[in-house]
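Listed below are the residues making up each chain.
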Amino acid sequence: MAFSRESLIPVALRGYQRTWLSTDLIAGATLAAVAIPETMGYTSIAQVPVVTGLYTVIFPTVMFALLGSSRLLVVGADSATAAILAAGLASLGIAGLEPNTPQWLAYCGAIALLSGGLLLVARLARLGFIGDFLSASVLIGFLTGVGVQVFTGQLPSMLGIPKGTGGWLEQQWHTLTNLGNIQWETFAFAIGTLAIILGFKRFLPKVPGAIVAVLLSIAISAAVDASAHGVAVVGAVTGGFPPIGVPKGIDWNNLAGMVGIAFSCLVIIVAQSAATSRSFAMKHGDPVDVNRDIVGLGAANLAAGLSGTFVVNGSPTKTQILDGQKGKTQVANLTMSAIVLLVVMFFTAILKDMPTRPQRNGQLLLRGLAELPAVGASPAR
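Let me begin by describing the structure that accompanies this report. The model shown is predicted, which means the values in this text are computed figures rather than measured ones.

We now examine the packing of aromatic side chains. Taken as a whole and assessed by the stated rule, the structure comprises 4 aromatic pairs. Ring centres of phenylalanine 59 and phenylalanine 241 lie 5.7 Å apart, and the angle between their planes is 65 degrees; on these two criteria the pair is classed as edge-to-face. With phenylalanine 59 in helix H3 (residues 59-67) and phenylalanine 241 in the loop between helix H9 (209-224) and helix H10 (255-284), this pair connects stretches of sequence that are 182 residues apart. Both rings, one in phenylalanine 346 and one in phenylalanine 347, keep their centres 6.3 Å apart while their planes meet at 65 degrees; by these two values the pair is edge-to-face. Residue classification places phenylalanine 347 among the partly exposed residues on the basis of a relative accessible area of 42%.

Contact pair helix H1 (residues 21-46) / helix H4 (residues 79-91): the axes reach a minimum separation of 8 Å and the direction vectors enclose 25 degrees. Comparing the axis directions of H1 and H4 gives the class roughly parallel. Handedness of the crossing formed by H1 with H4: right-handed. Contact with H1, carried on its side by Tyr42, Ile45 and Ala46, involves Ser79, Ala82, Ala83, Leu85 and Ala86 of H4 and no other residues of that element. Residues that form the contact of H1 with H4 fall into these classes: 7 nonpolar, 1 polar and no charged.

Attention now goes to unusual backbone geometry. You will see that glutamine 47, though not glycine, has its phi angle at about 65 degrees, which is positive. Along the chain, glutamine 47 turns up in the loop between H1 and helix H2 (51-55). Accessibility expressed as a relative area gives 25% for glutamine 47, which makes it partly exposed. Despite not being glycine, aspartate 225 shows a phi value in the positive range, around 55 degrees. Tracing the backbone shows aspartate 225 in the loop between H9 and H10. The partly exposed category is assigned to aspartate 225, whose relative accessible area is 41%.

With 16 residues, helix H11 (residues 290-305) ought to run about 22 Å at 1.5 Å a step, and its terminal C-alpha atoms sit 22 Å apart, in line with that. For H11, a buried count of 13 out of 16 residues is recorded, marking the element as mostly surrounded by other parts of the structure. If you check the start of H11, you find a side-chain oxygen 3.2 Å away from the backbone N of asparagine 291, and it comes from aspartate 289.

A few words on the pattern of salt bridges. Tallied over the entire structure, the rule returns 3 salt bridges. Across the salt bridge formed by aspartate 323 and lysine 283, the nearest N and O atoms sit 2.5 Å from each other. A residue pair is termed long-range when its members are at least 10 positions apart, and aspartate 323 in helix H12 (residues 316-324) and lysine 283 in helix H10 qualify at 40 residues. Under the relative-accessibility criterion, lysine 283 is labelled buried at 8%. Across the salt bridge formed by lysine 352 and aspartate 353, the nearest N and O atoms sit 3.4 Å from each other. A relative accessible area of 40% places lysine 352 in the partly exposed class. With relative accessibility at 18%, the residue aspartate 353 sits in the buried group.

Criteria and thresholds
- Residues numbered from 1 in each chain as written.
- Predicted model: local features only at pLDDT ≥ 70, side-chain atom pairs only at ≥ 80, totals over all residues.
- Heavy atoms only, no water.
- Phe/Tyr/Trp six-rings, centres within 6.5 Å; stacked < 30°, edge-to-face > 60°.
- Helix = DSSP H or I, 4+ residues; strand = E, 2+ residues; numbered from the N terminus.
- Buried < 20%, exposed > 50% of the residue type's maximum accessible area, 1.4 Å probe, protein only.
- Axes fitted to C-alpha atoms, helices over the stretch in contact; angles between N-to-C directions.
- Parallel < 35°, antiparallel > 145°, perpendicular 65-115°, else oblique.
- Left-handed = near helix turned anticlockwise from the far one by under 90°.
- Contact = heavy atoms within 4.5 Å.
- Nonpolar A, V, L, I, M, F, W, Y, C, P; charged D, E, K, R; others polar.
- Expected span 1.5 Å × (residues − 1).
- Polar contact = N/O pair within 3.5 Å; in protein donor to acceptor, adjacent residues only side chain to side chain.
- Salt bridge = Lys/Arg side-chain N within 4 Å of Asp/Glu carboxyl O.

Structure, rendered in structure tokens:
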């Protein structure tokens, strides 16, 4: 069988045009500004160290970019799989297993490895056909729902009040009934950040407002000691190159339960990623190969398990942000990964004063504000 030069190029990067490079680099930098606080926020759901959230958008993202088919799908930490992971591990009843410990993180890595293996089995079973059941109307509704979910989900962040539990309507009711508990200092940061993002989008669209907003927020927070005025901040983050290797200290007698957790993650990953990749492929008239995406997702989770972090998934919100920034290909995601790696290696100290949303699930304030400009984007063209 003859190999062509093109066969050596990752599918998602074939046909790349040089004119896309500057756009992809800027989009990737903007995406990094959003992904850094967002992925750190998901660690409180998975109950693992903050820095491991950053690890989810380094090697896992690179593996998907090289092996997946979607030009835009962003792979990294996700709230749904993080919640399933934490709840599943807690239900195993393993003696001495506690959240936010090295042993807990090791089990998270093991679940990521198992999820990656199951995804590769799913590819052999050609489960990509699931994507064929998603009609155009379903995909348009999916993207519209993402926009609504992002906007309403970040209102508590902007107001500085805890996010409600339960269904969507219950959460909105909780927000309305807690308007008297607004944390005004946090609200001031939110409005200022939003004004910067929208202002740059309106008057200087070529300048990534999200990056400016994040850097200014950190600088102002440090200058005025925002944490002393009731604004929640990230605090010290231990950086360094992601630890490479198989998770240690796993009791494989619990394999059956661990496989059950990994299977639950598999279902969410395949369904959510297929819907996201097909939605944006349809929007831009690109081809889509869900089976190849499953391979990329499997490799991404194997990379997660081998680099000290937890299960990853295709993210509809980050993908929409990338699309809103006019990103063209996975070069943008590779740019994001490179920037996050540099931050993890050399610049974690600047994250200490980053404002966060003051609630137990830890999703971060700046995530929502940086996402808002993408909400107004048309769900389909």
